[in-house]
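Here is how the chains run, residue by residue.
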Amino acid sequence: MPPLARLRGRRVALEAAERWCVGLRLHNGIDADTYRQRMSLLAHGHRTMSRRALVGSG
């Protein structure tokens, strides 16, 4: 089981990534489908999109 500090750090990083995505969406940096995909990945604990997801979306 990871140390508590590492768990807190991961949660903070995921929250920062979520705020970044919200900002992009609010300022028309990403479309609604990309926003939904990124938020879904964040909900599953992934801060970045995989190369496979990037290739599949384009």
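Quick note: structure is the one above.
The present account deals with the structure reproduced in this document. (Residues numbered from 1 in each chain as written. Predicted model: local features only at pLDDT ≥ 70, side-chain atom pairs only at ≥ 80, totals over all residues. Heavy atoms only, no water.)

**A short note on the nonpolar core**
Moving on, step 1. In this structure, Leu14, Ala17, Cys21, Met39 and Leu42 together form the largest nonpolar core, which totals 5 residues.
Moving on, step 2. Those elements giving two or more residues to this core turn out to be helix H1 (4-26) and helix H2 (32-43).
Moving on, step 3. For this core, the element with the highest residue contribution is H1, accounting for 3 residues.
Moving on, step 4. In this view, Leu42 contacts Leu14, Ala17, Glu18, Cys21 and Arg47; residues no more than four positions away in its chain are not counted. (Core = buried A, V, L, I, M, F, W, Y, C linked by side-chain atoms within 4.5 Å. Buried < 20%, exposed > 50% of the residue type's maximum accessible area, 1.4 Å probe, protein only. Helix = DSSP H or I, 4+ residues; strand = E, 2+ residues; numbered from the N terminus. Contact = heavy atoms within 4.5 Å.)

**Topic: the environment of Leu24**
Moving on, step 1. In this fold, Leu24 is placed in helix H1.
Moving on, step 2. Separated by 11 residues in sequence, Leu24 and Tyr35 place their C-alpha atoms 8.4 Å apart.
Moving on, step 3. Every residue in contact with Leu24, bar those within four places of it in the chain, is listed here: Gly29, Ile30 and Arg38.

**A short note on the pattern of salt bridges**
Moving on, step 1. One pass over the full model with this rule turns up 2 salt bridges.
Moving on, step 2. Of the charged contacts in the structure, one is a salt bridge between Glu15 and Arg11, with a shortest N-O distance of 3.6 Å. Placement of both Glu15 and Arg11 in helix H1 is noted, with a separation of 4 residues, approximately one turn of the helix.
Moving on, step 3. Exposure remark for Glu15: the relative accessible area of 36% places this residue in the partly exposed category.
Moving on, step 4. Where Arg36 meets Asp33, a salt bridge forms, and the shortest distance between an N and an O atom there is 2.5 Å. Placement of the pair is Arg36 and Asp33 together in helix H2, with a separation of 3 residues, close to one helical turn.
Moving on, step 5. A residue is classified by how much of its surface remains accessible, and Arg36, at 52% relative accessible area, is exposed. (Salt bridge = Lys/Arg side-chain N within 4 Å of Asp/Glu carboxyl O.)

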